[in-house]
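Below are the chains, spelled out letter by letter.
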Amino acid sequence: MVGLKEELLKSIWHAFTALDLDRSGKVLSHNLCTVLNVPHDPVALEEHFRDDDEGPVSNQGYMPYLNKFILEKVQGNFDKVEFNRMCWTLCAKKNLSKSPLLISDEDAFKVWVIFNFLSEDKYPLIIVPEEIEYFLKKLTEAMGAGWQQEQFDHYKIALNTSREGLSAWELIDLIGSGQFSKGMDRQTVSMAINEVFNELILDVLKQGYMLKKGHKRKNWTERWFVLKPNIISYYVSEDLKDKKGDIILDGNCCVEALPDKDGKKCLFLIKCFDKSFEISASDKKKKQEWIQAIQTTVSLLRAGSPPPHKEARQKRKELRQKLLAEQEELERQMKELQTANENKQKELETVRKQLEAAAARAAEEEKKRLQTQVELQDRFSLELEREKMVRQKMEEQVAQKSSELEQYLQRVRELEEMYKQLQEALEDEKQARQDEETVRKLQARLLEEESAKRAELEKWHLQQQQTIQMTEAEKQELENQRMIKEQALQVAMQQLEQLELERKEALEQYEEVKKKLETAANNTKSWKDKVAHHEGLIRLIEPGSKNPHLITNWGPAAFTEAELEQRQKSWKGKKGTSE
């Protein structure tokens with residue numbers, strides 16, 4: 001909608017500048033509402049154009065009303081040609097040249113509309129030389145003539161020396177003068193303007209006669225086809241008065257070539273969402289051109305891109321803006337260099353003046369010196385005779401004066417040396433004072449640190465005394481505990497020696513029992529061997545205690561169960577005592 005608003009504003013601007021809005025503002029607003037299919041708002045119209053200080057020529061102005069009550073309500077459902085013709089009618093009579101032109105008023109109107117399309121987006125509207133060249137090339141191509149680049153370059157140079165571009169009326173005069181269409185008749189020029197108008201303004205990408213097959217009667221009828229960015233319209237003839245139908249294009253449409261059939265050649269098929277259309281071109285070249293044009297249109301619809309001429313215009317505009325930005329940057333840099341150069345020139349001029357002033361002062365001093373020298377020479381000439389008479393005396397005086405002068409010079413040199421030494425002494429004294437101040441600050445800081453450390457040492461001394469006192473008490477307590485532990489250790493040592501004696505006694509008892517057990521085992525084994533030898537496996541029956549006895553694989557045990565429990569308790573007691 002922003003691009004549409006800009007296009008509308010250009011045409012309205014011509015009408016706006018051609019009318020006296022105090023008297024004709026209502027007429028313009030009424031006509032705009034009519035051709036743009038915008039609902040009328042009579043109350044707002046009368047309120048805006050009332051005869052007081054808040055009318056269209058006041059601070060409120062006409063543009064706020066135009067934007068708020070007309071342009072913001074435009075929906076796009078209007079006839080662009082009718083809108084442009086209304087604006088053309090309001091401004092053409094006042095601005096169109098009175099001199100005879102080689103083009104008709106209708107062709108001038110189309111050139112005016114093309115100017116609005118190609119002009120820059122700034123007011124007053126002009127068309128720059130690059131867009132003039134683009135338009136003239138289109139016209140020359142449509143007329144079938146060759147483009148004269150050298151002729152246009154001369155015209156461009158002459159144009160750039162006087163202005164940035166042409167107004168709409170100057171462009172109409174240029175086309176109507178025939179300067180770039182020499183050798184072409186009025187009809188050829190008119191047809192070329194109409195072709196460029198159809199492409200740039202009406203978005204006609206291709207048009208021409210072809211045969212179309214009907215959907216119901218299946219007959220073939222010649223129709224005039226017009227291809228636009230999203231639609232193919234077909235008419236009875238090229239005057240576009242009797243429209244027969246539309247083929248709506250979208251990203252899902254496709255076109256494909258068909259083989260010849262039913263006596264028809266150069267066939268191709270346009271497939272849409274709900275219908276398919278069979279078309280027959282006049283020849284193979286036309287067929288291929290139409291297929292290519294429709295495929296390109298469908299591809300642009302899929303990509304969401306504008307028509308080629310609008311995209312090319314946008315690219316040219318962006319390129320001009322980029323070149324303009326680069327040119328402005330270059331101009332800015334040149335201005336900076338020029339400013340720097342001017343500053344340098346001023347500095348050089350100042351230096352030159354200073355040098356001239358110094359030279360003048362030097363010349364004046366030299367003049368004074370020469371004058372003084374002349375005066376001295378005159379004086380010396382007058383006194384020469386007298387000096388000769390007293391030369392001897394003067395020679396002595398000169399010798400004395402020379403000695404005094406030498407002494408004086410020597411004294412001067414000594415004073416200069418003393419002055420240098422004094423300067424050095426002053427510098428040394430200054431440095432010494434700075435060092436003294438630094439040392440004083442350092443001593444003050446060290447004294448502060450020493451005071452802090454002394455306070456900290458006193459604190460640590462107090463803590464150490466308290467710690468020593470606590471340590472003495474703890475030492476006494478530890479000594480008592482040590483004595484107690486030594487006594488406990490002596491008792492433990494005595495107990496350990498007692499346990500060692502008991503352990504030795506238990507070992508001796510264990511050795512004795514072990515020997516007894518070995519003796520008993522040997523006796524038992526010899527007895528069993530004898531029994532087994534004499535009686536085999538027969539068990540001997542002997543009288544014994546009525547108490548139950550433990551039986552082993554070799555016979556009754558040597559001890560009863562009660563005796564074993566008694567011995568086990570005795571061994572456990574001894575073991576606990578030894579541990």
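Residues numbered from 1 in each chain as written. Predicted model: local features only at pLDDT ≥ 70, side-chain atom pairs only at ≥ 80, totals over all residues. Heavy atoms only, no water.

## Considering the overall build of the protein
- Helix and strand counts for the protein stand at 14 helices and nine strands.
- Across the 579 residues in the protein, those meeting the buried criterion constitute 25%.
- A separation of at least 24 residues holds for 59% of the contacts in the protein among residues at least 6 apart in sequence.
- When the accessible area of the protein is evaluated, it comes to approximately 41,700 Å², of which 53% is carbon and sulfur surface. (Helix = DSSP H or I, 4+ residues; strand = E, 2+ residues; numbered from the N terminus. Buried < 20%, exposed > 50% of the residue type's maximum accessible area, 1.4 Å probe, protein only. Contact = heavy atoms within 4.5 Å. Areas by Shrake-Rupley, 256 points an atom, 1.4 Å probe, with all protein chains shown as cover.)

## With respect to the pairing of strand E3 (residues 231-235)
- Here E3 lies mainly inside the structure; five of its five residues are buried.
- The side-chain alternation of E3 yields two buried faces, one formed by Ile 231, Ser 233 and Tyr 235 and the other by Ile 232 and Tyr 234.
- With five bridges connecting them, strand E2 (residues 220-228) and E3 associate as antiparallel partners. Each residue of the ladder has a partner; that of Leu 227, found in E3, is Ile 232. (Pairing = 2+ DSSP bridges.)

## Things to note about the layout of surface pockets
- Computed from the structure, the largest pocket encloses a volume of approximately 870 Å³.
- Taken together, 25 residues form the lining of the largest pocket, with Met 191, Asn 194, Glu 195, Asn 198 and Gln 207 sitting closest to its centre.
- If you list the elements that add at least two residues to the lining of the largest pocket, you get helix H7 (129-143), helix H10 (186-200), strand E1 (206-213) and E2.
- If you tally residues by element for the lining of the largest pocket, the top one is H10, at nine residues.
- Taken together, the residues of the lining of the largest pocket sort by class into 12 nonpolar, five polar and eight charged.
- A domain-level breakdown of the lining of the largest pocket finds at least three residues from each of domain 1 (1-202) and domain 2 (206-306). (1 Å grid on protein atoms, 1.4 Å probe; cavity = no way out; pocket = protein on both sides within 12 Å on 5 of 7 lines; lining within 4 Å. Points joined across faces, edges and corners; volume = space filled by probe spheres on them. Nonpolar A, V, L, I, M, F, W, Y, C, P; charged D, E, K, R; others polar. Domains from an automatic or database assignment.)

## Observations regarding the confidence of the model for the protein
- Chain-level statistics for the protein give a pLDDT mean of 83 and a share of 89% at 70 or above.
- When the criterion is pLDDT under 50, residues 52-59 qualifies, and its contacts beyond four places in sequence or with other chains add up to 14 contacts.
- Here residues 537-541 scores under 50 on pLDDT; set against residues more than four positions off or in separate chains, the count is four contacts. (pLDDT = per-residue confidence, 0-100.)

## A look at the sheet that holds E2
- Pairing is antiparallel across the open sheet formed by seven strands, whose spatial order is E4-E3-E2-E1-E7-E6-E5. Among the strands making up the open sheet, the edge pair consists of strand E4 (243-248) and strand E5 (254-258). Within this sheet the neighbouring strands show an average axis-to-axis angle of 35°, counted without direction. (Axes fitted to C-alpha atoms, helices over the stretch in contact; angles between N-to-C directions.)

## Quick word on empty space enclosed by the protein
- Following the criterion strictly, the structure yields three cavities of 30 Å³ or more and no others.
- Empty space within the largest cavity amounts to approximately 210 Å³.
- Every residue lining the largest cavity is counted, 15 residues in all, and those nearest its centre are Glu 7, Lys 80, Asn 84, Val 113 and Ile 201.
- For the lining of the largest cavity, the element with the most residues is helix H1 (residues 2-18), which contributes four residues.
- When grouped by side-chain class, the residues that make up the lining of the largest cavity number eight nonpolar, three polar and four charged.
- Of the volumes computed, that of the second largest cavity is approximately 70 Å³.
- In terms of lining residues, the second largest cavity is bounded by Leu 136, Leu 139, Thr 140, Met 143, Leu 174, Ile 175, Gln 179, Phe 180, Ser 181 and Val 189.
- Taken together, the elements giving at least two residues each to the lining of the second largest cavity come down to H7 and helix H9 (168-176).

## Describing the pattern of salt bridges
- Here the structure, examined in full by the defined rule, presents 31 salt bridges.
- Between Arg 85 and Glu 106 there is a salt bridge, with its nearest N and O atoms 3.0 Å apart. Of this pair, Arg 85 sits in helix H5 (residues 80-95) while Glu 106 sits in helix H6 (residues 105-118), placing them 21 residues apart in sequence.
- You can call Glu 106 partly exposed: its relative accessible area is 32%.
- In this structure, the salt-bridge partner of Lys 401 is Glu 404, at a minimum N-O distance of 3.9 Å. On the criterion of helical spacing, the pair formed by Lys 401 and Glu 404 is a turn pair, its members being three residues apart in helix H13 (residues 391-535). (Salt bridge = Lys/Arg side-chain N within 4 Å of Asp/Glu carboxyl O.)

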